[in-house]
Amino acid sequence: MTSPSAAAPVPAVEGWFTAGAEPSLIGSRCAACGTYHFPPETFACRNPRCDSTSLEEIPFSRRGRIWSFSVNHYAAPPPALNSDPFEPYAVAAVELPEERMVVLGRVANGADLSTMRVGQVMEIVVEPIIAGAEEIVWKWKPVDA
Amino acid sequence: MSDRRVAVLGAGMHPWGKWGRNFAEYGVVAARAALADAGVEWADVQFIAGGETVRNGYPGYVAGSTFAQALGWNGARVATSYAACASGAQAIDVARARILAGLCDVALVVGSDTTPKGFLAPSGGERRTDADWLRFRLVGATNPTYFALYARRRMELYGETESDWAAVKVKNARHGLSNPNARYRKETSVEEVLSSAMVSDPLRLLQICTTSDGGAAVVLTSLEYARSHGVADPVTVAAVSTVTPTFPQTVIEMPYLATDSAAVAAPPERLFRDAIAHAAYEEAGLGPEDLSLAEVYDLSTALELDWYENLGLCKEGEAARMLHDGDTTLGGRIPVNPSGGLACFGEAVPAQAIAQVCEVTWQLRGQAEGRQVSNARVGITINQGLFGHGSSVILAR
């Protein structure tokens, strides 16, 4: 049996994002009507006026603007992972211009939560869910003006 | 068109609280209260519909048959509805359809729940294909996180403040003061709300509803049965809306991590919450101008203001002004949540939509002691839950 070493990062969910120098969300686009989906659809297009089952994986826009956000001051229950000692964490809903959709994500570790605002430009990064965690996930990081 | 109304012959509840007992007990208490209110024997009930929640157990646990067994098997036909916060309304809809189809005359609808302490959380185990599990694991997106996203939009779009929302809590706390089924019966102040702990910024503890134990039930019958039972002018169900969203759903909803894409298909004419209300009005042949009162799902205080607009009680962005003008306070133009709402009850998921119907029933009968809306003729309930579920019920007399 082969298994990753304890230190090797493991995507928290398979096939939804790529890591590396220029990480991105992986969505799907319908080959027939062009509708985007996230998480990626692999079986059928969800546009009700389209009966296509031909979907292609596609990297999504790496930047978008905050539609809304919240800063959570209490630890979320399992299966959420929380820092110890608990530190407030932010969740941002970011609107992607090309895909015309809003995608939720945690805000990157170390971001200045006090200056966050609706309309702010955010960029995708891939990090451990919380500092030190084995599982990695996409997050939104404020882009410095 | 044939008469599509059914009668609400009885309504009953087990008080909301944190009682820590088996949910079936609350269901039995509520069911017996509703049956007594209707003057109907359990043995005469032909159909039982249960509102179900799936949590800390397995599907089917909180179900119609649980109540049927607890009340003592009587051979009634049974159905169970899962529709998150709309479960109770969906159970009402199933019972209504069966009566209107002529398959039965008397139906009992029951919902009850025992809730865990703290945040509602997904079922246990490692379930990486379940959207509800993934939103907690990947993003830490609790229910109040979503409520906070909507609340901040109201700040951004309409310039609302925490104080505006706190006034919703103050109003509802006052409404619920003498409601015997309410869990919290205590006045509060804007200052107290604003000094409570921040949970999901911008929402503080007292701006978010808690989770509660409770049970609610109604007895639905055909109009003929009600008349033969000596009730010539019963409260009737004029509409039950259980519509699903229309693609592309462009507002982020629990438990999803993304909206649909509007890149190809244009956004729908009505967003989901608006569509829930619209379908109810259309089915009843009534409009917001006909309403005497509304029971809305104030999962957060800010969300109550969203509902004013979704129900067409005011134009978009004008809900806070409507609140401050006193229009939605008892004695105002259209009292909202005269029961005290979720602010005074907390949420007992599969019971809550039925509890809303109980309150409107009592209001239309003039039996809402201490919180009565004068001359109430038409009332509406509305709510929304996860996985694209929502409901609205219109009752009239």
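The numbers attached to residues start from 1 for each chain and follow its sequence in the written order. Lettering of chains starts at A and numbering of ligands starts at 1, both following the order in which they are written. Since the coordinates come from a predicted model, pLDDT governs what is reported: local features require at least 70, and pairs of side-chain atoms require 80 or more to be given and counted, while whole-chain, interface and lining totals use all residues.

(A) Summary view of the overall build of chain A. Secondary structure assignment for chain A yields zero helices and ten strands. Only runs of H or I of at least four residues qualify as helices and only runs of E of at least two qualify as strands under DSSP, and these elements are numbered from the N terminus. Counting from the amino terminus, helix and strand elements in chain A follow one another as β-β-β-β-β-β-β-β-β-β. Buried residues in chain A amount to 37% of all 145 residues. Partly exposed residues are those falling between the two cut-offs: more than 12 but fewer than 20 other C-beta atoms within 10 Å of their own, whereas 20 or more means buried and 12 or fewer means exposed, with C-beta atoms placed from the backbone.

(B) A look at the packing of helix H1 (residues 23-38) of chain B against helix H2 (residues 64-71) of chain B. All names here are of chain B. As a rule, the C-alpha atoms of each element are fitted with a line to give its axis, helices using only the stretch in contact, and angles between N-to-C directions run from 0 to 180 degrees. Taken N-terminus to C-terminus, the directions of H1 and H2 make an angle of 70°; their axes are 9 Å apart at the nearest point. What the angle tells us is that H1 and H2 run roughly perpendicular. Residue-level inspection shows Ala-24, Gly-27, Val-28 and Ala-31 of H1 in contact with H2, the latter providing Thr-66, Phe-67, Ala-70 and Leu-71. Under this grouping Gly is polar, as are all residues other than the nonpolar Ala, Val, Leu, Ile, Met, Phe, Trp, Tyr, Cys and Pro and the charged Asp, Glu, Lys and Arg. Looking at the contact of H1 with H2 residue by residue, the classes come out as six nonpolar, two polar and no charged. Roughly parallel means an angle under 35 degrees; roughly antiparallel means over 145; roughly perpendicular covers 65 to 115; every other angle is labelled oblique. Any pair of residues counts as being in contact when their C-beta atoms, constructed from backbone geometry, are within 7 Å of one another.

(C) A look at the sheet that holds strand E11 (residues 389-396) of chain B. Residue and element names in this part refer to chain B. With mixed pairing, the nine strands of this open sheet are ordered in space as E3-E2-E4-E7-E1-E8-E11-E10-E9. The sheet is open, and its two borders are formed by strand E3 (77-82) and strand E9 (293-296), each paired with just one other strand. Taking each pair of neighbouring strands and ignoring which way they run, the sheet shows an average axis angle of 25°. Two strands qualify as a pair provided that DSSP identifies no fewer than 2 bridges between them. Where strand E2 (residues 47-52) lies against E3, six bridges are found, and the strand directions are parallel. Bridging from a neighbouring strand, Ile-48 pairs with Val-78 of E3. Most of the contacts of H1 go to strand E1 (residues 6-17), to which it runs at about 140°, and overall it touches E1, strand E4 (106-113) and strand E7 (213-221).

(D) Structural context of the domain arrangement of chain B. Residues and elements named next belong to chain B. Split by domain assignment, chain B resolves into domain 1 (6-116 + 214-234) and domain 2 (131-206 + 237-396). Contacts between the two partners involve 32 residues from domain 1 and, on the opposite side, 32 residues from domain 2. Listing elements by their share of the side of domain 1 that touches domain 2, those giving two or more residues are E1, E2, helix H3 (87-100), E4 and E7. Class assignment of the residues belonging to the side of domain 1 that touches domain 2 gives a composition of 17 nonpolar, eleven polar and four charged. Reported domain spans reflect what an automatic or database domain assignment gives.

(E) Local environment of the interface of chain A and chain B. Each partner contributes residues to the interface: chain A has 37 residues there, and chain B has 34 residues. Listed by contribution, the elements that provide at least two residues to the side of chain A that touches chain B are strand E4 (36-37), strand E6 (63-72), strand E7 (89-96) and strand E8 (101-107) of chain A. Element by element, the count of residues in the side of chain A that touches chain B is highest for E8(A), at six residues. Its residues assigned to classes, the side of chain A that touches chain B comprises 23 nonpolar, nine polar and five charged. Both E6(A) and strand E5 (residues 198-201) of chain B contribute to a ladder of two bridges, which runs antiparallel. Bridged to Asn72(A) within E5(B) is Ser200(B).

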